[in-house]
Amino acid sequence: MDLCRFLDGIDGRHQGTAALLTPATLQEVPGSWVTITGQNLGTATRTWRGSEFNGPILPSEVDHVLATINGKKAFVYYVSPSGPVIAIGSN
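Please read all numbers here as calculations on a predicted model, not as lab measurements. (Residues numbered from 1 in each chain as written. Predicted model: local features only at pLDDT ≥ 70, side-chain atom pairs only at ≥ 80, totals over all residues. Heavy atoms only, no water.)

1. Brief notes about the pattern of salt bridges
Note the cut-off: Salt bridges are defined by distance alone: a side-chain nitrogen of Lys or Arg within 4 Å of a carboxyl oxygen of Asp or Glu. When accessible area is computed with a 1.4 Å probe and restricted to protein chains, residues below 20% of their type maximum are described as buried, those above 50% as exposed, and intermediate ones as partly exposed. The helix and strand labels rest on DSSP assignments: H or I over at least four residues marks a helix, E over at least two residues marks a strand, and numbering proceeds from the N terminus.
Enumeration over the complete set of coordinates arrives at two salt bridges. One salt bridge in this structure joins Arg-46 and Glu-52, with 2.4 Å as the shortest N-O distance. Among the residues examined, Arg-46 registers a relative accessible area of 13% and is labelled buried. The residue Asp-63 makes a salt bridge to Arg-46 at a minimum N-O spacing of 2.3 Å. You can see Asp-63 sitting in the loop between strand E5 (46-47) and strand E6 (65-69) and its partner Arg-46 sitting in strand E5, a full 17 residues away along the chain. The network of salt bridges with shared partners includes Arg-46, Glu-52 and Asp-63.

2. Details of the nonpolar core
Quick note on the threshold: For our purposes a nonpolar core is just a set of buried Ala, Val, Leu, Ile, Met, Phe, Trp, Tyr and Cys residues, chained together by side-chain atoms within 4.5 Å. Whether two residues touch is decided by their heavy atoms; if any such pair falls within 4.5 Å, the residues are in contact.
One finds Val-79 and Ile-86 to be the most contacted residues of the largest nonpolar core, which totals 14 residues. Elements with a minimum of two residues in this core: E6 and strand E8 (75-79). Among the elements that line this core, the one with the most residues is E6, at three residues. Excluding anything up to four places from it in sequence, Val-79 contacts Ala-44, Thr-45, Arg-46, Val-62, Asp-63, Val-65 and Pro-84.

Dropping the structure here:
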């Protein structure tokens, strides 16, 4: 079972190449920041924008890039072709 899956939000398919994060390499700690590295993991290079927030809720998608951890959406802070930076939510 993969713990973290990188998805392109446009069509929901895995679009890039990234190392598979397993329970041995990633501890799911709420509030932690995780960097996923690889190739072709996005087309833009930027951080989240204020317009992407839903009130106080952090964005779970930036420029069609999203990630899930154990089936739960992670918050996407930064995207780039070499990989996003995500935050693990509390629930």
